[in-house]
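# Coordinate inspection notes
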Protein chains: 2
Amino acid sequence: MQDQVMGMTPAAYAYPLLIKQLLNTPLAHAADQEIVYRGKHRQTYATLRERIGRLANGLSRLGTAHGTTVAVMDWDSHRYLECYFAVPMMGAVLQTVNVRLSPEEIAYTINHAGAEVLFVHTDFLPVVESIRDKLETVRVFVSIDDEGGAAPAHSIPFCADYETLLAASPVEYDFPDFDENTRATTFYTTGTTGLPKGVYFSHRQLVLHTITLMAALASPEAGQRFHRGDVYMPLTPMFHVHAWGMPYVATVLGVKQVYPGRYAPEQIMRLVRDEGVTFSHCVGTILHMLLGCAEAKTVDLSHWKMVIGGGALPHGLARAALDRGIDVFSGYGMSETGPVLTLAQLAPNATPGDTDDEVRLRCKTGVPVPLVDLRIVDPNMDDVPHDGKACGEIVVRAPWLTQGYLKHPQASEQLWEGGYLHTQDIANIDPDGYVQITDRIKDVIKSGGEWVSSLEIESLISTHPAVAEVAVIGIKDEKWGERPAALVVLKPDAAAPASEDDIKRHVLAYSESGRISKYAVPQVVRIVSALEKTSIGKLNKKLMREQFA
Amino acid sequence: MQDQVMGMTPAAYAYPLLIKQLLNTPLAHAADQEIVYRGKHRQTYATLRERIGRLANGLSRLGTAHGTTVAVMDWDSHRYLECYFAVPMMGAVLQTVNVRLSPEEIAYTINHAGAEVLFVHTDFLPVVESIRDKLETVRVFVSIDDEGGAAPAHSIPFCADYETLLAASPVEYDFPDFDENTRATTFYTTGTTGLPKGVYFSHRQLVLHTITLMAALASPEAGQRFHRGDVYMPLTPMFHVHAWGMPYVATVLGVKQVYPGRYAPEQIMRLVRDEGVTFSHCVGTILHMLLGCAEAKTVDLSHWKMVIGGGALPHGLARAALDRGIDVFSGYGMSETGPVLTLAQLAPNATPGDTDDEVRLRCKTGVPVPLVDLRIVDPNMDDVPHDGKACGEIVVRAPWLTQGYLKHPQASEQLWEGGYLHTQDIANIDPDGYVQITDRIKDVIKSGGEWVSSLEIESLISTHPAVAEVAVIGIKDEKWGERPAALVVLKPDAAAPASEDDIKRHVLAYSESGRISKYAVPQVVRIVSALEKTSIGKLNKKLMREQFA
């Protein structure tokens, strides 16, 4: 038990929090449990452990050592899960490449992270070929092919194929102990401005996120959440904040895991039905897409629990999901925060009066998970009251927040000003402790001296029966400073179509009943065919504002 | 945010695992939740937080600083809970004094820990008075009186009474950040040999034990375990391994907490009924006492979940508890291990064939909780097979094990030989990962070249309808080396009395059916009026063997 980093023998009782320790209990009590890829490949946890050993030996042979960065371009798969464990467990750093970025951005992130090994699913060969001359640090290419063939004949000089690499490598690998603060993973945030920025997480942080999330998700309110009897399938890509850390939680729980490959609605629905999926997580856009697909109408979704994050869960969407029997609830976090900070939970004694009440609670940003120190503050970092009205920026401390942005000392300093991570999300907290985000700082609409919540207006518009999707942005107004404008996508199969005036009247009714201020009624409603989104499916309001102006 | 220990300003993103962080979420979402003492005193979590601040200010005024040891002699109370937080949160060390030790042993442990402050419930005044001249390090005495009066007129020079100390101290106390490896608590193990030995735990260890235990206990199998809707009451004394760490878990969950004071069966039953207690934990002896008391017959126990630890859960006792509707299951750990290592859980797909099967699963030692690296090994530290038969010593690594025994380097080195903590418990592990302890190393019976499990024989004898309690020990035998002997306490109200021969025949039947070996049939059965126990209610087999010989 040699400490590789410090070069000294630690005390016998030392127990660094390392990713390998997450495997102790599932291998003890769930070694025969299944991990399924696209319904085509099936393996047990015992095999997962063997393949982790083989992968580590294979990577060693290819020159991967403590501190080497290994980048992966793959769809959600059992292979990705193996990389989640094997790469950090050997002391290397896993870079999960966002395959939805532009080829130039992908090249930028791989170079910036200094990745030396690159795993490439054959679907991404054209992209990698187009940027091959720009990759400055990669010295080893490994191909990934769903059929498990040899490395393809291609201009990229592949050293090996993933499966042949594993087949040629022994199972036994003595994963060492080392400093728990060793970097385990890195990936790049996809903001709407500037170049992607790298965030990074240590073994300690990932272990603490996993165990705490497991404790928080086990809450039995509003249906059983995530427990040993569940069947797990991610619908947030594994390249994006470790699929919200859920594959690690699923593994510790020892549940059956299903990896869907590329997200295709009919494939996802087939897996939900055939594999009995009961627990997933995704952004609202994906849920919206799934509910709208033809296959969804033929599958029983009433055993499916789903955490929605990556943006507010609109009331209309939550209602549509509940109507299909999906146990849907909000989570909140961001790339910089590991990601989970809060989960929407019904208080144990809460008896929602009616469906509207229940929808409202499920769509709340939620209550902080254990250990999270979450405050809402004014620009002087003074706390604002928890009265459900006063708004402030969410600032947080937790044991799993990124230390900063990779090689961006100035941005890192801003992120951590005053000893708290600044989320740039504006929220209120009610007397029961529920957080409600009202806006991003940069999206907040200041009209007539008041702050208008674009998210609240979006949620109200989403309840109109003809509305599929909506975005509300602030547009310049000489008299009021800013006024809200709504961009609306209509449902193609709505019972009755809606005009721009219909939508405006729908919001006006809420204003007249006093639920929202008159400043919140959109001055302009525009019906559009689609909304601008970022690479991970979030609304790109910056682009919308530019296009509107 | 000054680091008090290192004298340097830590990075903005630093998040040491400190006990104060456990309060973040309950104060955010459960500030109005109740904490009840003996049904007489009631306070909210918000008040708990205020009293923690007052206690820290009061202790500061009495000279308590970073590193000072503060010893407590109290029954289970809201005050003890306040000490669990306030003392370590200010950087001091909480010594939970085992009030069931002899006065001389109590003096020894307080001196050995170097406690400077001693809180004394008035019930223990005679004890403290008798050892006052022997206390070498205590310079401040604080009295605790359930009526909250002034410090009693007494020969002990009390500085203050607990309540007057709090009343005179302000609420605001800025609990600092410091090194998470700072010692938080210490207490003394009560072995059957030699002087008590001190174990100790850091902030990091207690936080990790709390969050992991919370995650493990949330498992929904076999009834809901411990969740936000529960009402908690300890029945393992708070002086003993932090009441198995459960008050910390209860606080993070934000549940209603009930502290019973001194354990009196009628008082406990009254609290279960009046306060709606749903979750407790205790040793088998206490459960046995409770089931036997008159009051238990008039109270509905069917909403009560109970973890049994501190020794094997005999089948007969488990069955009796299940018959009363108690959702009873085993846990395993020891003072040195924080304590929890395993919990008995039904696998999600397990459908116990009948009550016997279910009892068997509930009485198993269980499966390790997350992060615990548990092995069964032979004397060369080689793993023995997990076939449900082969036995080895349980050795463990986990993030919350004591570093060793306080000021006992040699015993500490033995405890941690080979980088694993040696439990001295003998166990097997079945192919499903369930651990089953068969004996303590020193209690194992070697008969005719075979190892005979005293715990298994005890469990079988416990199913005899006339048996209340049983202990099986090894006695010397010229031919076989050792043979088992059973000491049996009969139920006073059994439908039919049992003779020593009846008991022997009861075990013989199991031997004839092949369930146990013939060596396991006790050569001697002796009916006794009571079994020898240690101060915390465990069987004292060492004393029994001496008395037998």
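Residues numbered from 1 in each chain as written. Chains lettered and ligands numbered in written order. Predicted model: local features only at pLDDT ≥ 70, side-chain atom pairs only at ≥ 80, totals over all residues. Heavy atoms only, no water.

## Quick look at the packing of helix α2 (residues 45-61) of chain A against helix α3 (residues 78-89) of chain A
Residues and elements named next belong to chain A. The criterion, for reference: Axes here refer to lines fitted to C-alpha atoms; in helices the fit is confined to the stretch in contact. Angles between the N-to-C directions go from 0 to 180 degrees. We count a stretch as a helix when DSSP gives it H or I for four or more residues in a row; a strand needs E for two or more, and each element gets its number in order from the N terminus. For classification, angles of less than 35 degrees are called roughly parallel, those exceeding 145 degrees roughly antiparallel, those between 65 and 115 degrees roughly perpendicular, and all remaining angles oblique. Here a crossing is taken to be left-handed if its near helix is turned anticlockwise relative to the far helix by less than a right angle, and right-handed if that turn runs clockwise. Any two residues whose heavy atoms approach within 4.5 Å at even a single point are treated as in contact. Gly falls in the polar group here, along with every residue not listed as nonpolar (Ala, Val, Leu, Ile, Met, Phe, Trp, Tyr, Cys, Pro) or charged (Asp, Glu, Lys, Arg).
Between α2 and α3, whose axes approach to 9 Å, the crossing angle comes to 60°. With respect to α3, the element α2 is oriented oblique. Pair α2 / α3 crosses with right-handed handedness. Here L48, R51, I52, L55, A56 and L59 of α2 lie close against α3, whose contacting residues are H78, R79, L81, E82, C83, F85, A86, V87 and M89. Of the residues that constitute the contact of α2 with α3, the class distribution is 11 nonpolar, 1 polar and 3 charged.

## Thoughts on the side chain of S454(B)
Locating S454(B) in the fold gives a position in helix α15 (residues 454-462). Other than its neighbours up to four places away in sequence, S454(B) contacts T438(B), D439(B), D443(B), I445(B), V472(B) and K541(B).

## Focus: the pairing of strand β17 (residues 373-377) of chain B
Residue and element names in this part refer to chain B. What counts here: For the exposure calls, accessible area comes from a 1.4 Å probe over protein chains only, and a residue counts as buried if that area is under 20% of its type's maximum, exposed if over 50%, partly exposed in between. If DSSP finds at least two bridges between two strands, the strands pair.
Counting buried positions over the 5 residues of β17 gives 5, a clear majority of the element. Burial along β17 is two-sided: D373, R375 and V377 and L374 and I376, pointing in opposite directions, are all buried. Pairing geometry for β17 and strand β18 (residues 392-397), over 5 bridges, is antiparallel. Bridge pairing links V377 to E393 in β18.

## As for the interface of chain B and chain A
Formally: We define a salt bridge as a side-chain nitrogen of Lys or Arg found within 4 Å of a carboxyl oxygen belonging to Asp or Glu. Definition of a polar contact: a pair of N or O atoms within 3.5 Å, with one able to donate and the other able to accept a hydrogen when the atoms are protein atoms, and with sequence-neighbouring residues admitted only if both atoms are side-chain atoms.
Counting from both sides, the interface comprises 49 residues of chain B and, opposite them, 49 residues of chain A. For the pair chain B and chain A, the interface holds 4 salt bridges. Notably, a salt bridge pairs E180(A) with R204(B), separated by 2.6 Å at the nearest N-O pair. Remark: the boundary between chain B and chain A carries 14 residue pairs in polar contact (both at pLDDT 80 or more). Listing elements by their share of the side of chain B that touches chain A, those giving two or more residues are α1 (24-29), α7 (203-217) and β16 (367-368) of chain B. Here the side of chain B that touches chain A gets 7 residues from one element, more than from any other, and that element is α7(B). Classifying every residue of the side of chain B that touches chain A gives 29 nonpolar, 12 polar and 8 charged.

## Notes on the relation of the copies chain B and chain A
Inclusion rule: All copies are superposed by least squares; the fitting set is the C-alpha atoms of residues with a pLDDT of at least 70 in both.
Its rotation angle being 180°, the transformation that places chain B on chain A also includes 0.0 Å of axial translation and leaves an RMSD of 0.0 Å. With respect to symmetry, the two chain copies, as superposed, fit the operation of a two-fold axis. Taking the C-alpha atom as reference, chain B places A215(B) closest to the rotation axis, 1.9 Å from it. In this assembly the copies share their binding face: 100% of the residues contributing to the interface of chain B also contribute to that of chain A.

Function cannot be read off these values alone, since they describe shape.
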